[in-house]
Amino acid sequence: MTASSLEAAERRKAWGFVLPALGWTLAFFVVPFGFMAAMSLWSLQGGQIIQSWDLNNYLAFFQKESLLKGLVNSLEITAMVTVLSVLLAYPLAWIIAERVPKRYQRLALILAVLPFWTSYVVRSYAWLLVLSKAGVINQALLGLGVIAEPLDLASTRTATVIGFVHFFVMLLTLTIYANLIQLSPNYRRAAADLGANGLQTFWHVVLPLTLPGIMTGAFLTFVLCIGDYVTPQILGGNNELVLPQIIMLQLGRRADLPMAAALSIVLMAVVTLAYLACARWLKIERA
């Protein structure tokens, strides 16, 4: 068998492995996405979907304050959750990687991911009970005399942010920890030899080298948070709607599939912009 025939056989074998994945992606992502994009150009008139092929749904999104406010709320909540999660997760990941003995690190990681073992809905309802007027937080503050009346914590943006942060801190801890344990101690030794103190070593050496882990976790947090419907619905109620809730309202109450499709495309466009902004840190290759 010649070299060219061997190469052709290897190429066919490679395509044999790739084609099922390509077919799956085409059938369950590309085709549905194309149909949704097309539907976003249609309109609902008299309870019927009309193939009008115009941008009226997108124009309505920018013209109706309630729709645009949903995107603004989503971005604000997502930004708060991402920043708070990074600030809380980095020290936790550093403690596990640097201060916990190696034989106990696996146990520490298991304890860190315990929230993932509980249903997402159950966790949200648990926080709803904790943050209610008769919940643990209000009762503790009342018992300590810090407040005279129970605080309205449930069904607020604060409750939504707390619920999200509780979940995503653990996700970010794993991504940052994975970067921290890959750092060679020689980096710190070299920085110390050059006269850098602990803070300077962290700021100029450790932090830049762990930035890919931070940005990967932050991007995952952004994507999962901005597209989440359950937590804002349970913890935030309907007092301050985010874009996924508005999309569900278009589907459930108005049966306006074209508008829901347009809002979904807008949401995907925001996620795509976030990816492009973080792309330089999301590369798998390491120098």
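Residues numbered from 1 in each chain as written. Predicted model: local features only at pLDDT ≥ 70, side-chain atom pairs only at ≥ 80, totals over all residues. Heavy atoms only, no water.

Student: Any details on the overall build of the chain? Residues and values, ideally.
Tutor: Regarding its fold elements, the chain presents 12 helices and two strands. Along the chain direction, N to C, the helices and strands of the chain fall in the order α-β-β-α-α-α-α-α-α-α-α-α-α-α. Over its C-alpha trace the chain gives a radius of gyration of 24 Å, far above what one expects of a compact globule, namely 19 Å for 287 residues. Dimensions of the chain, computed from the C-alpha atoms along their principal axes, are close to 85 × 75 × 35 Å. A separation of at least 24 residues holds for 69% of the contacts in the chain among residues at least 6 apart in sequence. Surface accessibility of the chain: about 17,100 Å² in total, with carbon and sulfur atoms responsible for 68%. Side-chain charges in the chain split into 19 positive and 13 negative, and the spacing between the mean points of these groups amounts to 10 Å. (Helix = DSSP H or I, 4+ residues; strand = E, 2+ residues; numbered from the N terminus. Rg over C-alpha atoms; globule rule 2.2 N^0.38 Å. Contact = heavy atoms within 4.5 Å. Areas by Shrake-Rupley, 256 points an atom, 1.4 Å probe, with all protein chains shown as cover. Lys, Arg positive; Asp, Glu negative; His and termini not counted. Charge placed at Lys NZ, Arg CZ, Asp CG, Glu CD.)

Student: So what's going on with the pattern of salt bridges? Residues and values would help.
Tutor: Two side chains that carry opposite charge are able to pair once their charged atoms sit near each other. Using the criterion set out here, one finds five salt bridges in the structure. In this structure, Arg 188 and Glu 98 form a salt bridge, with 3.0 Å as the shortest nitrogen-oxygen distance. Of the two residues, Arg 188 is situated in helix H8 (residues 185–193) and Glu 98 in helix H3 (residues 65–99); the sequence distance between them amounts to 90 residues. On the accessibility criterion, Arg 188 (24% relative accessible area) is partly exposed. (Salt bridge = Lys/Arg side-chain N within 4 Å of Asp/Glu carboxyl O. Buried < 20%, exposed > 50% of the residue type's maximum accessible area, 1.4 Å probe, protein only.)

Student: Before we move on, could you go through the packing of helix H5 (residues 120–131) against helix H6 (residues 136–144) and cite the residues and values that matter?
Tutor: Where H5 meets H6, the closest approach of the two axes is 5 Å, and the angle between their N-to-C directions is 20°. Between H5 and H6, the interaxial angle falls into the category roughly parallel. Every residue of H6 that contacts H5 at Leu 129, Val 130 and Leu 131 is listed here: Val 136, Ile 137 and Asn 138. (Axes fitted to C-alpha atoms, helices over the stretch in contact; angles between N-to-C directions. Parallel < 35°, antiparallel > 145°, perpendicular 65-115°, else oblique.)

Student: Pulling in residues and values, what's your account of the side chain of Asn 179?
Tutor: Within the element layout of this structure, Asn 179 appears in helix H7 (residues 157–180). By relative accessible area, which is 9% here, Asn 179 ends up buried. A distance of 2.7 Å separates a polar side-chain atom of Asn 179 from the backbone nitrogen of Gly 213. (Polar contact = N/O pair within 3.5 Å; in protein donor to acceptor, adjacent residues only side chain to side chain.)

Student: Explain the packing of aromatic side chains residue by residue, including any values.
Tutor: Under the criterion given, the structure shown has 10 aromatic pairs. Taking the centre distance of 5.6 Å and the plane angle of 85° together, the rings of Tyr 90 and Phe 202 count as edge-to-face. Of this pair, Tyr 90 sits in helix H3 while Phe 202 sits in helix H9 (residues 198–226); the two residues are 112 residues apart in sequence, bridging distant segments of the chain. Residue Tyr 90 is classed as buried on the basis of its relative accessible area of 9%. On the accessibility criterion, Phe 202 (28% relative accessible area) is partly exposed. Three or more aromatic residues joined by ring pairs make a cluster, and in this case those are Tyr 120, Phe 164, Phe 167 and Phe 168. (Phe/Tyr/Trp six-rings, centres within 6.5 Å; stacked < 30°, edge-to-face > 60°.)

Student: Please give an account of the UniProt feature "transmembrane region" (unreviewed entry) in the chain that cites residues and values.
Tutor: In the numbering adopted here, UniProt assigns the feature "transmembrane region" (unreviewed entry) to residues 21–44, 77–97, 104–120, 159–181, 201–226 and 257–282. Secondary structure content for residues 21–44 is 79% helix and 8% strand, and the end C-alpha separation is 36 Å. Strand forms 0% of residues 201–226 and helix 100%; the C-alpha atoms that close the span are 34 Å apart. (UniProt positions renumbered as here; feature names shortened; annotations may be inferred.)

Student: Outline a nonpolar patch on the surface, listing residues and values.
Tutor: Taken together, the side chains of Tyr 104, Leu 107, Ile 110, Leu 111, Leu 114, Phe 116, Trp 117 and Leu 174 make up a nonpolar region of the molecular surface, amounting to roughly 760 Å² of accessible area. Per-element accounting of the nonpolar patch gives the leading share, four residues, to helix H4 (residues 102–112). Classification of Leu 114 as partly exposed rests on a relative accessible area of 34%. (Patch = residues over 30% accessible without salt bridge, like charges linked within 9 Å, V, L, I, M, F, W, Y side chains within 5 Å.)

Student: Lay out helix H2 (residues 56–63) with the relevant residues and their values.
Tutor: Residue pairs spaced three or four apart in an α-helix point in one direction, given the helix's 3.6 residues per turn. For H2, the full list of buried residues reads Asn 57, Tyr 58, Ala 60 and Phe 61. Seen end-on, H2 carries its buried residues on one side only, within an arc spanning 160°. Every exposed residue of H2 that faces more than 90 degrees away from the buried side is listed here: Phe 62 and Gln 63. (Arc of directions from axis to C-beta.)

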